[in-house]
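# An overview of the molecular structure
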Amino acid sequence: MTDLFSKFDPLIQQREALLASGVEDPFNLVMEKVLSPTRAICNGRETILLGTYNYMGMTFDPDVIQAGKDALDNFGAGTTGSRVLNGTYQGHKECEEALKDFYGMDHAMVFSTGYQANLGIISTIAGKDDYIVLDIDSHASIWDGCSLGNAQIVPFKHNDIDAMGKRLRRIPEGAGKLVVLEGVYSMLGDIAPLKDMIAVARKYDAMVLVDEAHSMGFIGPNGRGVAEEQGVLDQVDFVIGTFSKSVGTVGGFCVSNHPKFEIMRLVCRPYVFTASLPPSVVATAATSIRKLMHGGAKRAHLWENSRTLHGGLKALGFELGTGEPQSAIIAVIMPDLERGAAMWEALLKEGLYVNLARPPATPANMTLLRCSLCAEHSAEQVQTILGMFERAGKAVGIV
Amino acid sequence: MDRAEIDARIRGLIEPFNKKGISVGDDTTFAGDLEFDSLTVMDFVAAIEDEFDIIISMNQQAEIENYGQLVDAVCKLQGD
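Residues numbered from 1 in each chain as written. Chains lettered and ligands numbered in written order. Predicted model: local features only at pLDDT ≥ 70, side-chain atom pairs only at ≥ 80, totals over all residues. Heavy atoms only, no water.

### As for the overall build of chain B
Check the secondary structure of chain B and you find four helices and zero strands. Along its sequence from the N terminus, chain B presents helices and strands in the succession α-α-α-α. A compact globule built from 80 residues would reach a C-alpha radius of gyration of about 12 Å, and chain B, at 12 Å, matches this within 12%. In terms of principal-axis extent, the alpha carbons of chain B reach across some 35 × 25 × 20 Å. Taken across its 80 residues, chain B has 41% of its residues classed as buried. Relative to all contacts within chain B whose residues are 6 or more apart in sequence, the contacts with residues 24 or more apart total 57%. Accessible area for chain B stands at about 4300 Å²; split by element, carbon and sulfur atoms hold 49% of it. Charge-centre separation for chain B: the mean point of 6 positive side chains lies 3 Å from the mean point of 18 negative side chains. (Helix = DSSP H or I, 4+ residues; strand = E, 2+ residues; numbered from the N terminus. Rg over C-alpha atoms; globule rule 2.2 N^0.38 Å. Buried < 20%, exposed > 50% of the residue type's maximum accessible area, 1.4 Å probe, protein only. Contact = heavy atoms within 4.5 Å. Areas by Shrake-Rupley, 256 points an atom, 1.4 Å probe, with all protein chains shown as cover. Lys, Arg positive; Asp, Glu negative; His and termini not counted. Charge placed at Lys NZ, Arg CZ, Asp CG, Glu CD.)

And the structure:
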């Protein structure tokens, strides 16, 4: 019998070699207690959280928590059904209303996760003989949406407007075209030049889908994302987003002004063939989304945190993913996986949690320590974090 | 453009990506013999697409494992 698991042997060996060096397992961290959006007890130590997607710190907002408790009491623990059968409650409709108000769009469709939103929309709208033109650094959920469908897949170099235009120009006349972009690319924390890219997409009559998972709530005057910040949200056909970042719970969505959008509810398999979100989750999401509309002061503080951390790490001599802070993600580039893991562990022992990101999730085979800031990090916490980076970096020999 | 000319042009394009100077024949594989990773594939495909003003979608790339198949595919796309 051929062991179907033998294909994983190289990864198993790499992992064993890493753990044999005595490093704490970066992919097996347990949070025993969560004290606030920015602090937890991790592997027995009190730790500052700098590797969550809790950008706006909504997880412990009292109104959000109360809404979830009320929904649990009134609607129960779960729906036990699909959105198109018995799984659409009042709360799901209220959540979609909140999204329509938040984005100023006509239609909103809530999925059980952000992953499923990309999977469902991309695989459903681009059919056989249509073309999907996408950035090579797209998130796994976008690539998996491409794999699930039958369209022709044409990637282009990251954020390269000219490369994207050339590919669009060569697509046979009459074929349907979908351009897929992200507002913030989550590995390096860089943003896309959406204004220029969308203008090129429009020139070639392509429809445009933008994943704003890492910008919602934070970037743009109303927190609608990078497309809003660059003044082109009205040119975007489909915005994909998630509740598992700034919104502070779990779930995904697509908003659109397409007049026929509602048909998606019947034809999109990752929407139809899965259970809908529990009532408590959609209640917390709806409350959080409505509060994020008025999050201007928090957005300003988060930008200040991002600038302080970026400037401080640069001054200490760390190599960063972007020359300037472009989002709430600051990626610190490590020389290799071994020293990356050692630095990750040194930071954890200092009492700081960041994400260790490694190939194949990262571009150009980089090992990254990815820091994501929260609007609830205080200015003092950011200074504490910089001190931890300085000590750990010197101990590991990176700076 | 005939097959020989397309072959010659692709040979020129492959050179900067052929880091180990492997001798390239029709049965030379990209993943195995030339050790192309996904980023190299993207850059190499882009160079060919620009040279011949064609699109080789990922669906088509999945069918191309060796050099001869690539030349055949470009010949076909040129004819379309």
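### Describing the overall build of chain A
Broken down by element type, chain A carries 14 helices and 16 strands. Scaling as 2.2 N^0.38, a compact globule of 399 residues should have a C-alpha radius of gyration of about 21 Å, and chain A matches this with 21 Å. C-alpha atoms of chain A, sized along the principal axes, occupy 60 × 55 × 55 Å. Scored against the burial criterion, the 399 residues of chain A give a buried share of 56%. Sequence-distant contacts, at least 24 apart, represent 69% of the contacts inside chain A between residues at least 6 apart. Surface summary for chain A: the accessible area is close to 16700 Å², and the carbon and sulfur share equals 54%.

### Examining the domain arrangement of chain A
Residue and element names in this part refer to chain A. In terms of domains, chain A is made up of domain 1 (16-56 + 295-396) and domain 2 (61-292). Facing the 22 residues of domain 1 at the interface are 21 residues of domain 2. Of the roughly 1800 Å² buried where domain 1 meets domain 2, counting both sides, 62% is carbon and sulfur surface. Joining domain 1 to domain 2, the criterion identifies zero salt bridges. At the surface where domain 1 touches domain 2, the tally comes to seven residue pairs in polar contact (both at pLDDT 80 or more). Counting only elements with at least two residues in the side of domain 1 that touches domain 2, the list comes to α12 (296-316), β13 (329-334) and β16 (367-372). For the side of domain 1 that touches domain 2, the leading source of residues is α12, giving three residues. Considering only residue class, the side of domain 1 that touches domain 2 consists of 13 nonpolar, seven polar and two charged. (Domains from an automatic or database assignment. Buried area = accessible area lost by both parts, 1.4 Å probe. Salt bridge = Lys/Arg side-chain N within 4 Å of Asp/Glu carboxyl O. Polar contact = N/O pair within 3.5 Å; in protein donor to acceptor, adjacent residues only side chain to side chain. Nonpolar A, V, L, I, M, F, W, Y, C, P; charged D, E, K, R; others polar.)

### Digging into the packing of aromatic side chains
Centre-to-centre distance and the angle between the planes together describe a pair of aromatic rings. Residues and elements named next belong to chain A. Counted by the stated rule, this structure contains 16 aromatic pairs over all chains. Taking 5.7 Å as the distance between ring centres and 50° as the angle between the ring planes, the aromatic pair formed by Tyr 103 and Phe 253 counts as tilted. Placement of the pair is Tyr 103 in helix α3 (residues 90-103) and Phe 253 in strand β12 (residues 252-256), with a sequence separation of 150 residues. Phe 253 carries the same exposure label as Tyr 103, and that label is buried. (Phe/Tyr/Trp six-rings, centres within 6.5 Å; stacked < 30°, edge-to-face > 60°.)

### Description of helix α7 (residues 194-203) of chain A
All names here are of chain A. Here α7 has its buried residues at Leu 194, Met 197, Ile 198, Val 200 and Ala 201. The buried residues of α7 occupy one face: seen down the axis, they fall within an arc of 155°. Opposite the buried face of α7, by more than 90 degrees, sit the exposed residues Lys 195 and Lys 203. (Arc of directions from axis to C-beta.)

### Section: the sheet that holds β13 of chain A
Residues and elements named next belong to chain A. Reading across from one edge, β13-β16-β15 is the order of the three strands in this open sheet, with antiparallel pairing throughout. Both edges of this open sheet fall to β13 and β15 (355-357), since each of them pairs with a single strand only. Averaged over all adjacent pairs, the angle separating strand axes in this sheet is 30°, with direction ignored. Contacting β13 and β16, α12 runs over the sheet at an angle of about 20° to β13. (Pairing = 2+ DSSP bridges. Axes fitted to C-alpha atoms, helices over the stretch in contact; angles between N-to-C directions.)

### Examining the nonpolar core
One finds Leu 99, Leu 181, Phe 243, Leu 309 and Phe 389 of chain A to be the most contacted residues of the largest nonpolar core, which totals 93 residues. For this core, the two domains that each supply at least three residues are domain 1 (16-56 + 295-396) and domain 2 (61-292) of chain A. (Core = buried A, V, L, I, M, F, W, Y, C linked by side-chain atoms within 4.5 Å.)

### Side note on the interface of chain A and chain B
Listed by partner, the interface residues are 18 residues for chain A and 13 residues for chain B. Together chain A and chain B conceal approximately 1200 Å² of surface at their shared face, both sides included; 54% is due to carbon and sulfur atoms. The interface formed by chain A and chain B includes five salt bridges. At the surface where chain A touches chain B, the tally comes to nine residue pairs in polar contact (both at pLDDT 80 or more). Broken down by secondary-structure element, the contributors of at least two residues to the side of chain A that touches chain B are β6 (152-156) and α6 (161-170) of chain A. No other element matches the five residues that β6 of chain A contributes to the side of chain A that touches chain B. Split into classes, the residues belonging to the side of chain A that touches chain B amount to ten nonpolar, three polar and five charged.

### Remarks on the pattern of salt bridges
Counted according to the given criterion, the structure contains 28 salt bridges over all chains. Of the charged contacts in the structure, one is a salt bridge between Lys 93 of chain A and Glu 96 of chain A, with a shortest N-O distance of 3.4 Å. Of this pair, Lys 93 of chain A and Glu 96 of chain A both sit in helix α3, three residues apart, which is roughly one turn of the helix. Residue classification places Glu 96 of chain A among the buried positions, given a relative accessible area of 2%. Glu 49 of chain B serves as the salt-bridge partner of Arg 167 of chain A, at 2.8 Å between the closest nitrogen and oxygen. One end of the pair, Arg 167 of chain A, is in helix α6; the other, Glu 49 of chain B, is in helix α2 (residues 38-52), on a second chain. Glu 49 of chain B sits in the buried class, given a relative accessible area of 3%. A single salt-bridge network, built from bridges that share partners, covers Arg 83, Lys 93, Glu 96, Glu 262 and Arg 265 of chain A.

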